[in-house]
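# Fold and geometry: a report
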Amino acid sequence: MAGGQSRVAATNRKAYHNYFIEERFEAGIELSGTEVKSIRQGKLNLKDSFCHVKNGELFLYGMHISPYEQGNIFNVDPLRTRKLLMHKREILKLSAKIQQDGYSLIPLSVYFKQSKVKVELGLARGKKLYDKRASAAERDAKRDMDRAMKTQRYR
């Protein structure tokens, strides 16, 4: 997240488990008013979402935004496809990178930046099962070392 005040509405922690994040990008998102109010309440889920370039435009699929309680007729489909807002040259650059073998564009977080809703996208490469096991073992080893250091400090 680049400069300015920002408040994170949701993060996609599963993305860090399933992918190696190579590069990060920021994009605006086209939303209805009731969706913004629902995001302010923190009622969104990025778990199974992904991005795809179609006809030179960037779209976000699978992001669930719960309907706003007071929204009545203005509520829209919670799983609808949403258009992401980026400069044309950035979209073309991303499209070229996605065409490479094994790369995906995954939303990492949704946050507010000066009252605008922004999405942090990650250019990601999928992890294999042995990569996930290695990172889990590394995390466990670090936890054990921290625990040992903490007990050593209090002796």
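First things first, this report covers the structure right here in the doc.

What counts and how
Residues numbered from 1 in each chain as written. Predicted model: local features only at pLDDT ≥ 70, side-chain atom pairs only at ≥ 80, totals over all residues. Heavy atoms only, no water. Helix = DSSP H or I, 4+ residues; strand = E, 2+ residues; numbered from the N terminus. Buried < 20%, exposed > 50% of the residue type's maximum accessible area, 1.4 Å probe, protein only. Contact = heavy atoms within 4.5 Å. Areas by Shrake-Rupley, 256 points an atom, 1.4 Å probe, with all protein chains shown as cover. Lys, Arg positive; Asp, Glu negative; His and termini not counted. Charge placed at Lys NZ, Arg CZ, Asp CG, Glu CD. Core = buried A, V, L, I, M, F, W, Y, C linked by side-chain atoms within 4.5 Å. Arc of directions from axis to C-beta. Salt bridge = Lys/Arg side-chain N within 4 Å of Asp/Glu carboxyl O. Phe/Tyr/Trp six-rings, centres within 6.5 Å; stacked < 30°, edge-to-face > 60°.

### Notes on the overall build of the protein chain
Across its full length, the protein chain holds 4 helices and 9 strands. Residue burial in the protein chain is summarised as follows: out of 155 residues, 32% are buried. Partitioning the contacts of the protein chain with sequence separation of at least 6, the portion at a separation of at least 24 is 68%. For the protein chain, the accessible area works out to roughly 10,000 Å², and carbon and sulfur atoms hold 50% of it. Across the protein chain, the mean location of the 31 positive side-chain charges is 4 Å away from that of the 17 negative side-chain charges.

### A short note on the nonpolar core
Judged by nonpolar contacts, the single largest core of 25 residues is most densely connected at Leu58, Met63, Leu84, Met86, Leu105, Val110 and Leu121. Those elements giving two or more residues to this core turn out to be strand 2 (19–29), strand 4 (50–54), strand 5 (57–61), helix 3 (88–99), strand 8 (103–113) and strand 9 (116–126). Broken down by element, this core gets its largest block of residues, 4 residues, from strand 9. Setting aside residues up to four positions removed in sequence, leucine 105 forms contacts with Phe50, Cys51, Leu58, Leu94, Ile98, Leu121, Gly122 and Leu123.

### Let's talk about unusual backbone geometry
In this structure, glutamine 114 takes a positive phi of about 50° despite not being glycine. Examined against the element boundaries, glutamine 114 turns out to sit in the loop between strand 8 and strand 9. Unlike most non-glycine residues, serine 115 shows phi in positive territory, near 70°. One can find serine 115 in the loop between strand 8 and strand 9. The exposure class of serine 115 is exposed, given its relative accessible area of 52%.

### A closer look at helix 2 (residues 33–40)
Within the sequence span of helix 2, burial applies to Thr34, Glu35, Ser38 and Ile39. Projected down its long axis, helix 2 shows its buried positions confined to an angular sector of 140°, all on one face. Buried residues belonging to helix 2 abut strand 1 (6–11), strand 3 (44–45), strand 6 (64–65), strand 7 (82–85), strand 8 and strand 9. A positive backbone phi angle near 80° is found at glycine 42, which sits one or two residues after helix 2.

### Here we look at the pattern of salt bridges
Inspection of the entire model under this criterion finds 10 salt bridges. A salt bridge links glutamate 120 to arginine 24, with the shortest nitrogen-to-oxygen separation between them at 3.3 Å. Taken together, the residues glutamate 120 in strand 9 and arginine 24 in strand 2 connect sequence positions 96 residues apart. Its relative accessible area of 44% is what places arginine 24 among the partly exposed residues. For arginine 147, the salt bridge identified is with aspartate 144, shortest N-O distance 3.6 Å. One end of the pair, arginine 147, and the other, aspartate 144, are both in helix 4 (residues 129–153), 3 residues apart, so they sit about a helical turn from each other. Through salt bridges that share partners, Glu35, Arg80 and Arg82 make up one connected network.

### Examining the packing of aromatic side chains
Taken as a whole and assessed by the stated rule, the structure comprises 1 aromatic pair. When the ring of phenylalanine 50 is compared with that of tyrosine 61, the centres are 5.2 Å apart and the planes differ by 20°; the resulting orientation is stacked. Placement of phenylalanine 50 in strand 4 and of tyrosine 61 in strand 5 is noted, with a sequence separation of 11 residues between them.

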